[in-house]
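# Commentary on secondary and tertiary structure
One-letter residues, chain by chain:
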Amino acid sequence: MAEEELRAEAIRRGLPRVGTPQRWVDLEPNHLYVCYMDEFENEYVVRRGILTIVSADGKVY
């Protein structure tokens, strides 16, 4: 997924503060995961095409 798509999906899911996601390879435990983080410390995890967003306060969207 592109960064713009991740941002749009976060807004659609109702995340209160949405920044611009950037790839964060250090968060990726193995090759099945693609991880991003924005300036508000929201984590965007894509595993096998499924996006999970974890906000900075720990809520899952």
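For the structure given in this document, a descriptive report is provided here. As a convention, each chain's residues are numbered from 1 in the sequence order in which they are written. Only residues with pLDDT of 70 or above have their local features reported here, since the model is predicted, and side-chain atom pairs are shown and tallied only from 80 upward, although totals for entire chains, interfaces and linings are computed over all residues. Hydrogens are left out, water is left out, and the side-chain values use all remaining heavy atoms of the structure.

## Overview of unusual backbone geometry
Basically, it comes down to this: Under the scheme applied here, a residue whose accessible area is under 20% of the maximum for its type counts as buried, over 50% as exposed, and between as partly exposed, the area being computed with a 1.4 Å probe on protein chains only.
For Glu41, which is not glycine, the phi torsion reads 65° and is therefore positive. You can call Glu41 exposed: its relative accessible area is 55%.

## Focus on the pattern of salt bridges
Rules: Just to be clear on terms, a salt bridge is a Lys or Arg side-chain nitrogen sitting within 4 Å of an Asp or Glu carboxyl oxygen. Numbered from the N terminus, helices here are DSSP runs of H or I no shorter than four residues, and strands are runs of E no shorter than two.
The full count for this structure, using the stated rule, is 3 salt bridges. Where Arg12 meets Glu9, a salt bridge forms, and the shortest distance between an N and an O atom there is 3.1 Å. Of this pair, Arg12 and Glu9 both sit in helix α1 (residues 3-13), 3 residues apart, which is roughly one turn of that helix. A relative accessible area of 17% means that Glu9 is categorised as buried. Note that Arg23 and Glu28 form a salt bridge whose closest N and O atoms lie 2.6 Å from each other.

## Regarding the environment of Asp57
Heads up, the condition is: In protein, a polar contact means a hydrogen-donor-capable atom and an acceptor-capable atom, both N or O and within 3.5 Å, with residues adjacent in sequence counting only if both atoms are side-chain atoms; elsewhere, any N or O pair within 3.5 Å suffices.
Looking at the secondary structure, you find Asp57 in the segment after β4 (50-54). Since its relative accessible area comes to 57%, Asp57 is described here as exposed. In this structure the C-alpha to C-alpha distance between Asp57 and Asn42, which are 15 residues apart in sequence, comes to 8.4 Å. A polar atom in the side chain of Asp57 sits 2.3 Å from the side chain of Ser55.

## Thoughts on the sheet that holds strand β1 (residues 22-23)
Spelled out, the test is: Only when DSSP finds a minimum of two bridges between them are two strands counted as paired. Every residue pair with non-hydrogen atoms within 4.5 Å of one another is taken to be in contact. Helix axes are fitted to C-alpha atoms over the stretch in contact, other axes to C-alpha atoms as well, and angles between N-to-C directions run from 0 to 180 degrees.
Within the open sheet, the 4 strands sit side by side as β1-β2-β3-β4. Their pairing is antiparallel. With partners counted over all chains shown, the strands left at the sheet margins are β1 and β4, one partner each. Pairing of β1 with strand β2 (residues 33-37), which is carried by 2 bridges, proceeds in the antiparallel orientation. Paired with Arg23 across the bridge in β2 is Tyr36. Helix-sheet contacts for α1 involve β2, β3 (43-47) and β4, and the interaxial angle to β4 is about 65°.

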